[in-house]
Each structure stands twice: as structure tokens, then as C-alpha cells.
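# Descriptive analysis of the structure
The chain contents come next:
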Amino acid sequence: NAGVMQNPRHLVRRRGQEARLRCSPMKGHSHVYWYRQLPEEGLKFMVYLQKENIIDESGMPKERFSAEFPKEGPSILRIQQVVRGDSAAYFCASSPDGTGESDQPQHFGDGTRLSIL
Amino acid sequence: AQSVSQHNHHVILSEAASLELGCNYSYGGTVNLFWYVQYPGQHLQLLLKYFSGDPLVKGIKGFEAEFIKSKFSFNLRKPSVQWSDTAEYFCAVKVGNQGGKLIFGQGTELSVKP
């Protein structure tokens, strides 16, 4: 009965490198959300995806960040040319539908702690 | 822009004390409301949720929350805390016409002394 699986749990990168964060939603869930938690702050929404579609990317930085959720495989959050300010915990959540009108809450993964040297 | 405010950043209580954590949101339309808990080193877990109906919502582990629409509030309560309730608590709002995204408060760290 696996929940939302994120890997890696910890990721260290040097400035200028690329970071790839993976998220496998719960079984039966087709909607994925990415959130970022900076030190001493709450979680901030980044992007909401369905299979092969980006539904809402209003929280994504305009440059260097991208996300995908392919037909097969996990969702990927990709950060190119990382900078110190990208250091944060990145959480993925999934739900069985869009939770637009239903009462299905989002289930969260353990997060990926990204550290930039 | 919609926002969620949690007034207490860090709360320290002794075991058996009563708990109330404040949460206010700014949005005039339909909202769904959540409280999540994050135990040290673990993922966020849903404590309780409000979608409609009775504004007094009961969740897991003896927690409850009351939705007061006129005050735009959704405060979390527990009559008697335990040491195992030590964790960070997040209030979140899903705005009715904005798909699935959650807007989180900044969190309240609760420390319960044995």
C-alpha cells in the first residue's frame, strides 16, 4: 500500500548543475502537485499536472524550472543551472481526481531535500 | 491574492494542556479547508478537512476544527495534548475555482513538554 513516493530523499548539487526530482503518485491517482518549502516558510504551490498535461503552473519560476508527468513513469521536477536560493524541500502530492469539487484530499510524499553547494 | 495566515509560529505546552491554533484566510468565495500535521522527519498527513455541512469538524487523534465563515477562520483545537503531538501543523485552503492547488499557512511548530 505504497503512498506517494519521492526520490531521492536528499539531493546535493553544485551551483550550475541540474537537479531532477521524481514523484510517483499513489496507485490510482492521476493528478500530481509540486510544492516548495523554503526554510522557515510554509509550502508554496508550484505546479499541478495530469498525465501528459500541465494544468496550472502559476507557481513555477519563469526560468530554469520545468515539470512533466509523462504517460508512463513518474512525474519529474527539473531545475536547470541551480543556484543557492533553490535550496529547499520539494514536496509532491497526488489525488485521484482534480479535487475541484470532490472531497478527495491530496496525499503527500516525504519530500526531497535539495541542497546547493 | 488569496492567503492563509497562522498567527502562532511556535507554541510550547505542557502535557494535558488545551490547544488552539489560529488560522485565517483571505478569500470571499467557496473554500475547502484542511489541517495537515508533519511529525519530525515525516511527510504531511491530513488531520481533518472541511468541505461543507457541519462547521465543527472532527479529525484524527482527538483534533477538531471549527469553520467560522464570518471570521474567515478555521482554528484547530485539542482539549488535552500529549507529548506525541509535538509536530508542525499547517493550515491550507483550496479555493473553489482554482483547480486543485492548496494555499498553505506558514506553519505552527508545537512543542509539548512531558
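Here, every reference points to the structure presented above.
These remarks concern the structure in this document. Sequence order as written defines residue numbering, which begins from 1 separately in each chain. The naming scheme follows written order: chains are lettered A onward, ligands numbered 1 onward. The predicted origin of the model limits local features to residues at a pLDDT of at least 70 and limits the giving and counting of side-chain atom pairs to 80 or more, whereas totals for whole chains, interfaces and linings rest on all residues. The basis for the side-chain values is all heavy atoms of the structure; hydrogens and waters are excluded.

### Quick word on the state of the cysteines
Residue and element names in this part refer to chain B. Cysteine sulfurs are considered disulfide-paired once they come within 2.5 Å of each other. The full count for this structure, using the stated rule, is two disulfides over all chains. There is a disulfide in this structure between Cys23 and Cys91, and the S-S distance comes to 1.9 Å. Across the S-S bond linking Cys23 and Cys91, the dihedral sits near -65°, which makes this disulfide left-handed. On the criterion of sequence distance, the pair formed by Cys23 in the loop between strand E3 (19-21) and strand E4 (24-26) and Cys91 in strand E10 (residues 87-95) is long-range, its members being 68 residues apart. Relative accessible area decides the class of each residue, using a 1.4 Å probe on protein chains only: under 20% of the type maximum gives buried, over 50% gives exposed, and in between gives partly exposed. In this structure Cys91 comes out as buried when scored by relative accessible area, which is 0%. Each helix is a run of DSSP H or I of at least 4 residues and each strand a run of E of at least 2, with the numbering of both proceeding from the N terminus.

### Some points on the packing of aromatic side chains
To pair, rings of Phe, Tyr and Trp, with the six-membered ring standing in for Trp, must have centres within 6.5 Å; the planes then decide the type, stacked if under 30 degrees apart, edge-to-face if over 60, and tilted in the middle. Enumeration according to the criterion identifies 14 aromatic pairs over all chains in this entry. Ring geometry for Tyr33 of chain A against Tyr48 of chain A: centres 4.6 Å apart, planes inclined by 15°, an arrangement best described as stacked. You can see Tyr33 of chain A sitting in strand E4 (residues 31-37) and its partner Tyr48 of chain A sitting in strand E5 (residues 43-50), a full 15 residues away along the chain. By relative accessible area, which is 0% here, Tyr33 of chain A ends up buried. Among the aromatic residues, those joined into a cluster by ring pairs are Tyr35, Phe45 and Phe108 of chain A together with Phe34, Tyr36, Phe51, Phe90 and Phe104 of chain B.

### Some words on the pairing of strand E8 (residues 64-68) of chain B
Residue and element names in this part refer to chain B. For strand E7 (residues 56-58) and E8, the ladder comprises three bridges, and the chain directions are antiparallel. Residue pairing for E8: Lys58 is matched across the bridge by Glu64. The antiparallel hairpin formed by E7 and E8 contains five residues in its connecting segment, where Lys61 sits at a positive phi of about 60°. In this sheet, strand E9 (residues 73-78) lies alongside E8 in antiparallel orientation, the contact comprising five bridges. Pairing of Glu64 across the sheet is with Arg77, part of E9. Any two strands are treated as partners once DSSP identifies two or more bridges connecting them. Between the end of E8 and the start of E9, which pair antiparallel, lie four residues, with Phe72 showing a positive phi angle near 50°.

### Looking at the pairing of strand E2 (residues 10-14) of chain B
Residues and elements named next belong to chain B. Residues of E2 alternate between two faces, with Val11 and Leu13 buried on one and His10, Ile12 and Ser14 left unburied on the opposite face. Two strands pair when backbone bridges link them, and E2 and strand E12 (residues 108-113) are joined in this way by five bridges, in the parallel orientation. Counterpart to His10 in the pairing with E12 is Glu109.

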